[in-house]
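Here is what each chain is made of, one letter per residue.
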Amino acid sequence: MLFTTNWISTLFNNYKGVATDEIKINEIVTDSRMPSTKSLFIPIQGENFDGHDYIKEAFNNGAIAAFWNKSKEVPSFLPTEFPLFYVEDTLEALQKLAAAYRSEINPVVIGITGSNGKTTTKDLVASVMKTTYKTHATNGNFNNEIGLPLTILAMPRETEMLVLEMGMSNFGEIERLSKIALPDYAIITNIGESHIEYLGTRKGIAKAKTEIVKGMTDKGYLLIDGDEALLSELHNRNHVITCGFKAGNDVEIKNTIISHNHTEFNLADNSTFSIPLLGKHHALNATLAITLAKQLKIADHTIQQALSSLQLTSMRFEMIAGKNGVSIINDAYNASPTSMKAAIEVVKQMEGFSTKILILGDILELGEHSQTFHESVSEVIDGSISVLFTLGDQAKMISEKVNSKTEGTIVKHFTTKEELVDDLAFYLKEDTLLLFKASRGMQFEKMIEQIN
Ligand SMILES: CC(=O)N[C@H]1[C@@H](OP(=O)(O)OP(=O)(O)OC[C@H]2O[C@@H](n3ccc(=O)[nH]c3=O)[C@H](O)[C@@H]2O)O[C@H](CO)[C@@H](O)[C@@H]1O[C@H](C)C(=O)N[C@@H](C)C(=O)N[C@H](CCC(=O)N[C@@H](CCC[C@@H](N)C(=O)O)C(=O)O)C(=O)O
Ligand SMILES: Nc1ncnc2c1ncn2[C@@H]1O[C@H](COP(=O)(O)OP(=O)(O)OP(=O)(O)O)[C@@H](O)[C@H]1O
Ligand SMILES: C[C@@H](N)C(=O)N[C@H](C)C(=O)O
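Everything numeric here is computed off the predicted structure, so don't read it as measured data.

## So, the site of ligand 1
What surrounds ligand 1 is a group of 23 residues, the closest being N48, F49, N143, N144 and E173. N141 has a polar side-chain atom sitting 3.1 Å from an oxygen atom of ligand 1. One of the side-chain N or O atoms of N143 is found 2.8 Å from a nitrogen atom in ligand 1. Notes on ligand 1: free accessible area 1,200 Å², of which the protein chains cover 69%. Residue composition of the shell around ligand 1, grouped by class: seven nonpolar, twelve polar and four charged. The two domains that each donate at least three residues to the shell around ligand 1 are domain 1 (3-88) and domain 2 (106-308).

## What to know about the packing of helix α12 (residues 370-377) against helix α13 (residues 396-405)
Close contact between α12 and α13 brings their axes to 8 Å; oriented N to C, the two are set at 50 degrees. As summarised for this structure, α12 and α13 are arranged oblique, according to the angle between their axes. Handedness of the α12/α13 crossing: right-handed. When α12 is examined against α13, the residues S370, Q371, H374, E375 and V377 are found in contact with a partner set consisting of M397, I398 and K401. Residues belonging to the contact of α12 with α13 are distributed by class as follows: three nonpolar, three polar and two charged.

## A few points about the nonpolar core
Counting 77 residues, the largest nonpolar core has F3, I8, L97 and I381 as its most contacted members. With eight residues, helix α3 (residues 90-105) is the largest single contributor of residues to this core. If near-sequence neighbours (up to four positions away) are discounted, I381 is found in contact with I344, L358, L360, L388, I398, V402, K405 and T406. In terms of nonpolar packing, the next biggest core, distinct from the first, is built from 36 residues, I187, I253, A293 and I298 among them.

## Section: the sheet that holds strand β8 (residues 108-113)
Sheet architecture is open: nine strands sit in the order β9-β10-β8-β11-β12-β13-β14-β15-β16, paired in mixed fashion. Among the strands making up the open sheet, the edge pair consists of β9 (135-137) and β16 (272-275). Averaged over all pairs of adjacent strands, the angle between strand axes in this sheet comes to 20 degrees, irrespective of strand direction. Both β8 and strand β10 (residues 161-165) contribute to a ladder of five bridges, which runs parallel. Within the sheet, the bridge partner assigned to V108 lies in β10 and is M161.

## A short note on the sheet that holds strand β21 (residues 410-414)
Spatially, six strands are ordered β17-β18-β22-β19-β20-β21 in an open sheet, and the strand pairing comes out mixed. Strand pairing shows two members of the sheet lacking a second neighbour, β17 (318-321) and β21, which therefore form its edges. When strand polarity is set aside, the average angle formed by the axes of neighbouring strands in this sheet is 15 degrees. Examined bridge by bridge, strand β18 (residues 327-330) and strand β22 (residues 432-437) share four bridges and lie parallel to one another. Within β22, the residue paired with S327 across the bridge is L433.

## As for the UniProt feature "domain: Mur ligase N-terminal catalytic" (unreviewed entry) in the protein chain
When the UniProt feature table is mapped to this numbering, "domain: Mur ligase N-terminal catalytic" (unreviewed entry) covers residues 25-102. The span residues 25-102 carries 24% helix and 23% strand; its end-to-end C-alpha distance comes to 16 Å.

## Quick notes on the side chain of D50
The topology assignment puts D50 in the loop between β5 (39-41) and α2 (55-60). A polar side-chain atom of D50 sits 2.9 Å from a polar atom in the side chain of K72. When near neighbours in sequence (up to four residues on either side) are disregarded, D50 contacts I44, Q45 and K72.

Each value, and the rule that gives it
Residues numbered from 1 in each chain as written. Chains lettered and ligands numbered in written order. Predicted model: local features only at pLDDT ≥ 70, side-chain atom pairs only at ≥ 80, totals over all residues. Heavy atoms only, no water. Near = heavy atom within 4 Å. Polar contact = N/O pair within 3.5 Å; in protein donor to acceptor, adjacent residues only side chain to side chain. Areas by Shrake-Rupley, 256 points an atom, 1.4 Å probe, with all protein chains shown as cover. Nonpolar A, V, L, I, M, F, W, Y, C, P; charged D, E, K, R; others polar. Domains from an automatic or database assignment. Axes fitted to C-alpha atoms, helices over the stretch in contact; angles between N-to-C directions. Helix = DSSP H or I, 4+ residues; strand = E, 2+ residues; numbered from the N terminus. Parallel < 35°, antiparallel > 145°, perpendicular 65-115°, else oblique. Left-handed = near helix turned anticlockwise from the far one by under 90°. Contact = heavy atoms within 4.5 Å. Core = buried A, V, L, I, M, F, W, Y, C linked by side-chain atoms within 4.5 Å. Buried < 20%, exposed > 50% of the residue type's maximum accessible area, 1.4 Å probe, protein only. Pairing = 2+ DSSP bridges. UniProt positions renumbered as here; feature names shortened; annotations may be inferred.

Rendered as C-alpha cells:
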C-alpha cells in the first residue's frame, strides 16, 4: 500500500465520494490501458490524448479513485462513492502528491542531472546503494516533470535511499524537479550540448543544471564534474565535492586504463576501481558514484563488488553479439556531440577487430549550432575507422567533412534505413565492429533489429 484516500484528502480537500482509511491505494496509473490493483488514476492532458477521456477504461482496469480536472464534466457512470479529487491541473496535482509522499517516507534522496551520463550514473549509484540500503531508483529514463513524480510514487514505503534522474530541455525544469524531490545529495555529471537549441549556449546549459541546488536540503553534498569550467563558481561553495582528472579536484582520477571489457582507475586515496564500462567518461561517472558511496560509509570492497555486477539500462553502449559473429554496439538511446565523440574514441581504442564501422545519425535539438557540432564529430574520425555510414540530413554533414579530410575510410550517406541496412549486410562478418549512435528521434535500434 502507498497511502489511503483519507491521506490524499488531507492534501486535496475538494472531492466527492468516500475518502477513508479503509480505501488503500496500491499504485498510481496515468495510462488507463495498464491493468492495475487498487490504483489511483491520474489523467494527464498530453500532446495526443487527454487521459480524462479514458477514466471508464481505467475504472474497469482497477482504478478505485482518481484525480479530476475540476473544469471537466464528471462522468455519470461512476458510482457515487467513487473518490474523485477535483484539482486545477492534474499534472501539478501529480507533482504535489509526489512531493508529499517523498516527505512522508523521507528517504535519503539523491538527484542526478547533467548533459550526458545521467542514466548511467543513476544505475551506478543505485547498484552501490542497494548493497546497504533499501533503494528505489528511476526506471529507464523516467526523468521529467511526469517521470520523476511517478518514480517517487512508485517508491515502497520502506525505502531508505531514493535515486532520481532529473532531465531537462529548458530553464526552470530542473528547479521544479528539485523542489519536488528535495535531494539531500546531488550530482551534475557533465555539461555538454544536449538541448542547446533551447538553452542557447553551454553556459545556459550549466545554469539550468545548477538549478538542482534550489531544492537541496542541507544534509548532504553536491558532487560535480570538477574539470568543467562552466561549473567553477560552485567550487568554493559549502558542501560541494569536485571529481575529475585534473590536479586540484577534491577527488582526482588517475591512471585510467581502458581494456576490451572494462575501465580501471585509481583515486587519490590510492583506492583502485574497475567498471564494466568503456571510456574515461565512465571513469568520471563511476567516481561520482563511488565518492557518494564513501560519503555514505560504504566500504571500498562493497562498492567494487556492486560495480562489477552493474546492470546498465539498455541502449547505452550496449554490446550485442550479432549475426555471423559481428559485434554490435547499440548506443542508440540518444546522442549529443560529446557522447558521440566519446563513443567513437572508445571504438577506436577497442582491439581485436579488423573492421570498424560507424553508423551515425542526426543529433537533434542543436538549433543554429547543428552544422558546427555535426562537423566537429569528424575531428575524432581517423583512418582507424574502416567505414562511415550516415543517415539523416544533419548527419550528412559528418560524412561530407570526413570525406574531405580522412584517407582510407569508406564514407557513404543514406536517406533511408532500408538502403543502409542493405549495404551493411556485406560487412556482417566476424571481427567486424559496428557502432550505432543517433538521437532518440532517429530510432536507430530499428536497424539493429533488422540486421539481427
Ligand atoms: C503523458 C505520458 O506519459 N505520455 C506518454 C504516452 O504518450 P502518448 O502520446 O501516447 O499520450 P499522451 O501523452 O498524449 O497522453 C496523455 C495521457 O493519456 C493517457 N492515455 C492515452 C491513451 C489511452 O488510451 N489511455 C490513456 O490513459 C496516456 O497514458 C497519457 O498519460 O506514450 C508515449 C509512448 O509510450 C510516451 O513516450 C509518453 O511519455 C511522455 C513523453 C513522457 O513525458 N513520459 C514521462 C513518463 C517520461 O519521463 N518519459 C521519458 C523521457 C523523458 C525525457 O524525454 N527526458 C528528457 C529531458 C526532459 C525534457 C522535458 N522537457 C520533456 O520534454 O520531457 C531527456 O533528455 O532525457 C521516457 O519515456 O523515457
Ligand atoms: N560523461 C559523459 N561524457 C560523454 N558521454 C557520456 C558520458 N556519460 C555517458 N555518456 C554517453 O552518453 C550516452 C547516454 O548515456 P546516458 O543515457 O547515461 O546519459 P543521459 O544523460 O541519461 O542521456 P539522455 O539525457 O540522452 O537520456 C551513452 O552513449 C553514454 O555512453
Ligand atoms: C530523450 C529525449 N528527451 C531527447 O533527448 N530527445 C532527443 C533530442 C530526440 O528528440 O531525439
